[in-house]
Amino acid sequence: MGAGQPGDRERPITMTDRTLTEANTPDPKTADSTRFLSHLELDQPDKTFLDSNELIINMGPQHPATHGVLRVILKLDGEKVLGTECVIGYLHRGVEKIAENRTYTMFNPYVDRMDYVAAVSNGLGYCEAVEKLLNIEAPPRAKYIRVILTELNRLASHQLWLGTHALDIGAMTPLFYTFRDREEILKIFEKYCGARLTTHAFRIGGCQYETYEGFERDVIKFLDFVPPKIDEYEELLTTNRIWLERTKNVGVISRADAIALGVTGPVLRASGVKWDLRKAQPYAAYSDFDFEIPIGANGDTYDRYTVRMEEMRQSLRIIRQAVERIPEGPIMAKVPKVMKPPVGEVYHSIEAPKGELGYFIVSDGSTQPYRVRVRPPSFVNLQALDVMVRGALVADVIAVIGTLDIVLGEVDR
Amino acid sequence: MVAELKGQYGSGIREANSYLGQNYMIVDPSIVSELLQILRDREQFDYCVDVTAVHYPEREKQFDVVWILYSFPRNERIRVKTMIADGDSVPSAVSMWATANWLEREVFDMFGIRFDGHPDLKRILLPDGWKGYPLRKDYGIIQQDQEWVQANLGIESGQ
């Protein structure tokens, strides 16, 4: 299973499978999506089971490489994966049900607990959705603070992804590097709002806290500190032979498949779709800043790696522009003490580090939302796991789970 | 686009409007399947963002089923909504967008709405043997399937 073994080198299975996938990929209009379906029919005894080498094994829910409590049932022929089925829900807390029994303001901290690695993004999406429903807009200064913190959080999320993903594949050093540097971001969060992980940084209508004394200085210091560190990660991995062997042509997903499966975020972009909600439907203050959307060509694990690395640099670009141009003024819009949005519904989505994070909120005119639906990027992206690993090796499953960058708190809600 | 669709389906499209700058359509359950197909093929809504539902227990047709679609070429979103009674089913969109698979399973899990033609409709977040549909309004917030908890977890209560 190790990376450097001689038998691993040619990867005949993966390559064949990839060629097949490409040949079978018509445009999405005519795509027959039934070929994506995977259910192993575990309750029906397989007649050929005894004669074949097929084996069904469980990976997780306590397996460390599944990034939480994900259970994957693998159907194997030797080392080759014939099919997978994900069993999720171990972390289900009924967030959407809780929302219906809380006021709009009271539900705000709960959203941090979904994607706890990028709590700030969750809060931003929720606050903006409710603001839309209330027909109010956060003041410009609040929007800039939101952008700075959200982009810092994107960086922290990508760093955590890189560290754990590399660790899964067998490279231990990046974990220490990324956690060392992520600490600086968490320190800024802690100084700003007192919390490091579940920050609850924003309020409906703006931000609760004004930036602390020296906030800009801290952020700029961080902006100067981190680019050489990102180069350092890249030095460790980008041209590392083992890394290339483990990631190139592994977990390939074509452009058409990615769209059909509703995959978003870096995974979609690595498959060559230049689509980022920050550009496509700008929210907060994103239309004010220059930045690029990095895309990949092959849709493999390596491309997803390069896309995310470039995204980190682009985030730094955005933060620098935001810090330099941050306007003066109030940080809270005029918000009624008791929030009663008019009857109606709204869908608002943002580009979270993992992809499109959407909130569909239905209001019945009372102080509590009638229904809150969260469209979690990790949940939808995880569905692509089967297409990406079928025909690959067991070790590739680990690489693909890592590269999808899922957070089970968000998958299960 | 709306005018064209209205011409085609007449009263099948009950309402096509926009609220807070977001377009939505309320349609008859009978034309949902055809309409989604047209939206995907002719109107280029190639990405199914979400499938979800809302429960209104006091209504005769208790459930709203909502499809949120997005078009990459047009950079546009649309919501398609239909109303169904408890026990009715809606056509599955899995053959159009593969992503609908898990999304529909979640709606089934949480609301008990069946999707016709779904290849593997079973619970996704809750365990298979669970009784009740938590996101229905008549399901209490601390309610649990005690029988399941006692049988499977070996504890008196999960609370």
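Just so you know, the residues in each chain are numbered from 1, in the order the chain's sequence is written. As a convention, the first chain written is A and the first ligand written is 1, with the rest following in written order. Reporting of local features is limited, given that this is a predicted model, to residues whose pLDDT is at least 70; pairs of side-chain atoms are given and counted only at 80 or more, and all residues count toward the totals for whole chains, interfaces and linings.

1. A look at helix α15 (residues 394-404) of chain A
Buried residues dominate α15 of chain A, accounting for 10 of its 11 residues. Following α15 of chain A by one or two positions, Asp405 of chain A adopts a phi angle in the positive range, close to 55 degrees. Here exposure depends only on C-beta density: within 10 Å of a residue's C-beta, 20 or more other C-beta atoms make it buried, 12 or fewer make it exposed, and intermediate numbers make it partly exposed, the C-beta atoms being placed from the backbone. Each helix is a run of DSSP H or I of at least 4 residues and each strand a run of E of at least 2, with the numbering of both proceeding from the N terminus.

2. Points about helix α3 (residues 104-111) of chain A
In an α-helix, one turn spans 3.6 residues, which is why side chains three or four residues apart end up on the same side. Residue and element names in this part refer to chain A. Those residues of α3 lying buried are Tyr104, Phe107, Tyr110 and Val111. Across the axial projection of α3, the buried residues extend over an arc of 100 degrees, all falling on one side. Residues are scored as being in contact if the C-beta atoms we place from backbone atoms lie within 7 Å. In this fold, the buried residues of α3 make contact with α2 (95-100), α4 (119-134) and β8 (371-375). Each C-beta atom gives one direction from the helix axis, and the arc is the one those directions make.

3. Here's the deal with the packing of helix α6 (residues 173-193) of chain A against helix α7 (residues 215-237) of chain A
Residue and element names in this part refer to chain A. Relative orientation of the contacting elements α6 and α7 amounts to 165 degrees, with a least axis distance of 10 Å. As far as their axial angle goes, α7 and α6 are roughly antiparallel. Judged by the twist between their axes, the crossing of α6 over α7 is left-handed. Contact residues: α6 offers Thr173, Pro174, Tyr177, Thr178, Asp181, Glu184, Ile188 and Tyr192, while α7 offers Phe215, Asp218, Val219, Phe222, Phe225, Val226, Lys229, Glu232, Tyr233, Leu236 and Leu237. Amino acids outside the nonpolar list (Ala, Val, Leu, Ile, Met, Phe, Trp, Tyr, Cys, Pro) and the charged list (Asp, Glu, Lys, Arg) are all regarded as polar, and Gly is one of them. For the contact of α6 with α7, the residue count by class is 12 nonpolar, 2 polar and 5 charged. Angular values range over 0 to 180 degrees, each being the angle between N-to-C directions of two axes fitted as lines to C-alpha atoms, with helices fitted over their stretch in contact. The labels follow the angle: roughly parallel below 35 degrees, roughly antiparallel above 145, roughly perpendicular from 65 to 115, and oblique for the rest. By definition, turning the near helix anticlockwise from the far helix through less than a right angle yields a left-handed crossing, and turning it clockwise yields a right-handed one.

4. Let's talk about the sheet that holds strand β4 (residues 63-71) of chain B
What links the strands of a sheet is backbone hydrogen bonding, and the strands pair in either a parallel or an antiparallel sense. Residues and elements named next belong to chain B. The strand order β1-β2-β5-β4-β3 describes an open sheet built from 5 strands, whose pairing is mixed. Either end of the sheet is taken by a strand with one partner, and the two such strands are β1 (13-19) and β3 (47-55). For this sheet, the mean angle separating the axes of adjacent strands, direction not counted, is 20 degrees. DSSP-based pairing: two strands are paired if at least 2 bridges between them are found. By the bridge criterion, 4 bridges tie strand β2 (residues 22-27) to strand β5 (residues 76-84) in an arrangement that is parallel. Paired with Met25 across the bridge in β5 is Val80. Against the sheet, helix α2 (residues 32-41) touches β2, β4 and β5, its axis set at about 175 degrees to β5. Helix α3 (residues 100-111) contacts β3 and β4 of the sheet and is inclined by roughly 5 degrees relative to β3.

5. A closer look at the sheet that holds strand β1 (residues 54-59) of chain A
All names here are of chain A. Read from one edge of the open sheet, 3 strands run β1-β2-β3, paired in antiparallel fashion. Each edge of the sheet is formed by a strand with only one pairing partner; in this case those strands are β1 and β3 (80-87). The sheet shows a mean angle of 20 degrees between the axes of neighbouring strands, direction not considered. Sheet analysis places β1 next to strand β2 (residues 71-77), joined by 6 bridges and oriented antiparallel.

6. Digging into the pairing of β3 of chain A
Within a regular strand, side chains alternate between the sheet's two faces. Across 7 bridges, the pairing between β2 of chain A and β3 of chain A is antiparallel. The residue of β3 of chain A that forms the bridge with Ile73 of chain A is Glu85 of chain A.

7. Overview of the nonpolar core
One recurring pattern in soluble globular proteins: nonpolar side chains tend to sit buried together. Each nonpolar core consists of buried Ala, Val, Leu, Ile, Met, Phe, Trp, Tyr and Cys residues. Their C-beta atoms, within 7 Å, join them into a set. Ile148 of chain A together with Leu69 of chain B are the most contacted members of the largest nonpolar core, which has 152 residues in total. For this core, the leading source of residues is helix α5 (residues 140-169) of chain A, giving 13 residues. Setting aside residues no more than four positions away along its own chain, Ile148 of chain A makes contact with Val219, Ile319, Ala322 and Val323 of chain A.

8. Let's talk about the interface of chain A and chain B
By a widespread convention, an interface's size corresponds to the accessible area lost as its parts come together. Listed per partner, the contact involves 36 residues of chain A and 31 residues of chain B. Elements represented by at least two residues in the side of chain A that touches chain B include exactly α2, α9 (255-260), β6 (344-352), β7 (355-363), β8 and α13 (377-382) of chain A.

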